[in-house]
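Now for the letters of each chain:
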Amino acid sequence: MPTPTTDKITQAAMETIYLCKFRVSMDGEWLCLRELDDISLTPDPEPTHEDPNYLMANERMNLMNMAKLSIKGLIESALNLGRTLDSDYAPLQQFFVVMEHCLKHGLKAKKTFLGQNKSFWGPLELVEKLVPEAAEITASVKDLPGLKTPVGRGRAWLRLALMQKKLSEYMKALINRKDLLSEFYEPNALMMEEEGAIIAGLLVGLNVIDANFCMKGEDLDSQVGVIDFSMYLKDGNSTKGSEGDGQITAILDQKNYVEELNRHLSATVNNLQAKVDALEKSNTKLTEELAVANNRIITLQEEMERVKEESSYILESNRKVTKDRTADGQALTEARKQLKEETQLRLDVEKELEVQIGMRQEMELAMKMLEKDVCEKQDALVALRQQLDDLRALKHELSFKLQSSDMGVKQKSELNSRLEEKTNQMAATIKQLEQSEKDLVKQAKTLNSAANKLIQKHH
């Protein structure tokens with residue numbers, strides 16, 4: 001009967017036969033496949049206890065060697081071709097297939113209502129959080145109308161990153177955050193081990209390649225990712241590469257690759273040095289804060305002990321007070337009731353006082369208005385008396401002129417009669433004003449007496 005270990009090995013071998021059935025190694029600049037005798041696709045009568053870590057390590061080594069061959073072959077063929085690469089270029093297609101297998105290695109299966117699903121699109125989505133420049137690629141992939149599966153979106157993302165010549169930078173940023181990758185990969189997956197960092201470093205050489213892809217007409221969802229070993233296989237007895245121009249081209253390619261790699265390594269070293277300086281400063285600051293925090297903790301502990309002692313004393317006092325309160329509870333209730341009644345009585349008195357004060361203010365305002373009216377009428381009375389005196393003087397003057405002039409006796413007698421009528425009218429008006437003044441004075445006296453009574457009542 002097969003054991004769970006052999007079932008797991010058999011399933012893994014069936015899914016990636018090229019990884020488990022053969023060992024991929026580098027023989028010069030060609031690929032050699034050596035068959036493994038210790039792995040079988042059919043369970044043996046006596047189960048063998050294979051180490052899963054060994055199988056995963058073998059798969060990582062195979063994928064790393066395939067990535068080396070694929071990247072090297074792609075760079076050499078692209079430089080010899082001397083033009084911009086498109087999606088129909090066979091070495092470029094094989095490079096994307098190898099990268100897809102590298103990203104799929106050790107992926108955790110996520111359960112959905114359709115079954116288990118393994119997709120490398122999830123880790124690639126994290127890149128935009130680590131490198132802001134990748135947000136444009138991710139948004140472009142999500143906006144493509146023809147992509148319906150996560151696998152298709154992941155393939156489109158790899159192509160856009162290669163066109164942008166930032167694939168190496170994005171992969172390095174992703175591999176450096178293993179804490180985020182652990183959500184998607186097993187601990188011994190290629191992206192979690194050293195082989196992933198090596199492949200990310202090899203991708204720097206692809207920055208010398210110019211590629212242009214048309215995503216709208218390409219069906220990335222249904223492509224079958226199978227590695228074509230015929231592009232890399234060679235007979236074991238074959239000699240190494242040709243001499244002459246081929247060697248010179250290879251040397252120039254290696255020189256360009258090394259220069260590009262050196263430039264990226266220098267930038268990485270500068271970034272790491274800056275991070276180290278920042279970490280040293282942060283460490284010094286944290287050390288100082290730790291010392292302050294320790295002192296604060298000691299102080300708080302002392303305060304806690306003191307508070308505990310005070311709490312014990314207060315608790316004992318509260319117990320005694322509780323006993324006393326039980327005896328005085330009834331008296332306290334009665335006192336509260338009496339206090340409530342007195343408070344209500346005080347509120348009623350204050351309301352009545354406020355009403356009396358409002359009435360007093362209204363009466364004071366009315367007295368002021370009456371005084372003002374009396375003053376105005378007194379002024380009018382003085383003015384009328386002055387006019388009456390003037391009229392009397394005019395009457396005497398006219399009478400004198402009447403006696404001295406005989407010619408205008410008739411006209412002057414008419415004028416005199418008019419003046420007398422007017423004088424009588426003014427005299428009557430004066431009497432009315434005097435009577436009104438007397439009435440106002442009486443009203444003022446009445447108001448004053450009423451105000452005094454209110455004040456006395458209030459006191």
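Residues numbered from 1 in each chain as written. Predicted model: local features only at pLDDT ≥ 70, side-chain atom pairs only at ≥ 80, totals over all residues. Heavy atoms only, no water.

Participant: Before we move on, could you go through the overall build of the chain and cite the residues and values that matter?
Facilitator: Secondary structure summary: the chain contains 13 helices and 4 strands in total. When burial is assessed residue by residue, the chain has 28% of its 459 residues classed as buried. The long-range fraction of contacts in the chain, counting pairs at least 24 apart against all pairs at least 6 apart in sequence, stands at 72%. Total accessible area on the chain stands at roughly 31000 Å², and carbon and sulfur atoms take up 55% of it. (Helix = DSSP H or I, 4+ residues; strand = E, 2+ residues; numbered from the N terminus. Buried < 20%, exposed > 50% of the residue type's maximum accessible area, 1.4 Å probe, protein only. Contact = heavy atoms within 4.5 Å. Areas by Shrake-Rupley, 256 points an atom, 1.4 Å probe, with all protein chains shown as cover.)

Participant: So what's going on with helix H3 (residues 52–81)? Residues and values would help.
Facilitator: Side chains of residues three or four places apart in an α-helix project in the same direction, reflecting 3.6 residues per turn. The end-to-end C-alpha separation of H3 is 43 Å, in line with the 44 Å expected for 30 residues at 1.5 Å each. After H3 finishes, the residue Gly82 shows a positive phi value of roughly 70°. (Expected span 1.5 Å × (residues − 1).)

Participant: Talk me through the environment of Ser417; I want residue IDs and the actual numbers.
Facilitator: Following the sequence through the fold, Ser417 ends up in helix H13 (residues 409–458). The exposure class of Ser417 is partly exposed, given its relative accessible area of 32%. Here the side chain of Ser417 touches Glu414 through a polar contact of 2.5 Å, landing on its backbone oxygen. (Polar contact = N/O pair within 3.5 Å; in protein donor to acceptor, adjacent residues only side chain to side chain.)

Participant: Report on the packing of aromatic side chains, specifying residues and quantitative values.
Facilitator: In this structure the tally under the stated criterion is 3 aromatic pairs. Relative to Phe96, the ring of Phe95 lies with its centre 5.4 Å away and its plane at 55°, an arrangement referred to as tilted. Assigned by exposure class, Phe95 and Phe96 land together as buried. Both rings, one in Trp157 and one in Tyr170, keep their centres 5.8 Å apart while their planes meet at 50°; by these two values the pair is tilted. Here Trp157 is found in helix H8 (residues 150–164), whereas its partner Tyr170 is found in helix H9 (residues 167–175), with 13 residues between them in sequence. Given a relative accessible area of 0%, Trp157 falls into the buried group. (Phe/Tyr/Trp six-rings, centres within 6.5 Å; stacked < 30°, edge-to-face > 60°.)

Participant: Describe in detail unusual backbone geometry, supporting the description with residues and values.
Facilitator: Here the phi dihedral of Lys165 falls at roughly 60°; this positive angle occurs in a residue that is not glycine. On the secondary structure map, Lys165 appears in the loop between H8 and H9. According to the relative accessible area criterion, Lys165 is partly exposed, its value standing at 33%.

Participant: Requested: an account of the nonpolar core, with residues and values cited.
Facilitator: With 61 residues, the main nonpolar core has Leu92, Phe95, Trp157, Tyr185, Met191 and Leu206 as its most contacted residues. Going through the elements one at a time, H3, helix H4 (90–104), helix H5 (121–125), helix H7 (135–143), H8, H9 and helix H11 (194–202) are the ones with two or more residues in this core. Every residue in contact with Tyr185, bar those within four places of it in the chain, is listed here: Leu103, His105, Gly106, Leu107, Lys108, Pro123, Met191 and Met192. (Core = buried A, V, L, I, M, F, W, Y, C linked by side-chain atoms within 4.5 Å.)

Participant: Describe H13, listing the residues and the values that go with them.
Facilitator: Here H13 is 50 residues long and its end C-alpha atoms lie 72 Å apart, about the 74 Å a rise of 1.5 Å per residue gives. Three or more residues of H13 are buried, namely Leu419, Met426, Ile430, Leu440 and Ala451.

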